[in-house]
Amino acid sequence: MSNQFFTKESKSLLAKLMSEEDIQVRHAKVETAMFDVKNRILTLPQWKDMSEALYDLLVGHEVAHALFTPAGEKALLAAVKRSCHSFVNVIEDCRIEKLQKLRFLGLRT
């Protein structure tokens, strides 16, 4: 078993444990990590020379979306309509980061 495969499997398990549900975890050649709140799919990027610490940060942030971002699109779409997508995205990221750091104290460091 290659070391990278082991890392992907362990990080997938970490994401599932932190989210407290059996989310789907994909590792793909994408530009950024993302979480599909409706379909419960976490997509993690495969960047060249990505450190384990950075991978953990991405997992922690995207799992925060799984835990704290409402799955109903209606509220988010209404907020985007009143403002703009980028603004709503930044505010939501700040909100979930704060909640995630309170839930998993080790993420603060």
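Rules behind the numbers
Residues numbered from 1 in each chain as written. Predicted model: local features only at pLDDT ≥ 70, side-chain atom pairs only at ≥ 80, totals over all residues. Heavy atoms only, no water. Helix = DSSP H or I, 4+ residues; strand = E, 2+ residues; numbered from the N terminus. Buried < 20%, exposed > 50% of the residue type's maximum accessible area, 1.4 Å probe, protein only. Polar contact = N/O pair within 3.5 Å; in protein donor to acceptor, adjacent residues only side chain to side chain. Contact = heavy atoms within 4.5 Å. Axes fitted to C-alpha atoms, helices over the stretch in contact; angles between N-to-C directions. Parallel < 35°, antiparallel > 145°, perpendicular 65-115°, else oblique. Nonpolar A, V, L, I, M, F, W, Y, C, P; charged D, E, K, R; others polar.

*Asks:* Which parts of the structure should I look at to understand the side chain of glutamate 92?
*Replies:* Positionally, glutamate 92 belongs in helix α4 (residues 85-103). Judged by relative accessible area, which is 12%, glutamate 92 ranks as buried. Within polar-contact distance, the side chain of glutamate 92 engages the side chain of arginine 95 at 2.9 Å. For glutamate 92, the contacting residues outside a window of four places in its chain are His65, Phe68, Thr69 and Pro70.

*Asks:* Help me understand the packing of helix α2 (residues 52-68) against α4 in this model?
*Replies:* The relative placement of two packed helices comes down to the angle between their axes together with the axis-to-axis distance. At a minimum axis distance of 9 Å, the contact between α2 and α4 shows a crossing angle of 95°. For the element pair α2 / α4, the angle class is roughly perpendicular. Contacts from Gly60, His61, Val63, Ala64, His65, Leu67 and Phe68 of α2 reach α4 at Glu92, Asp93, Arg95, Ile96, Glu97, Leu99, Gln100 and Arg103. Taken together, the residues of the contact of α2 with α4 break down into 6 nonpolar, 4 polar and 5 charged.

*Asks:* Quick question: what am I supposed to make of unusual backbone geometry here?
*Replies:* Most peptide bonds take the trans configuration, and most residues that are not glycine carry a negative phi. Positive phi values are uncommon outside glycine, yet glutamate 20 reaches one of about 60°. Assignment of secondary structure puts glutamate 20 in the loop between α1 (3-19) and β1 (24-28). Here aspartate 49, not a glycine, exhibits a phi torsion of approximately 60°, which is positive. Examined against the element boundaries, aspartate 49 turns out to sit in the loop between β3 (41-45) and α2. Accessibility expressed as a relative area gives 73% for aspartate 49, which makes it exposed.

In short, the description is geometric, and any link to function would need to be established separately.
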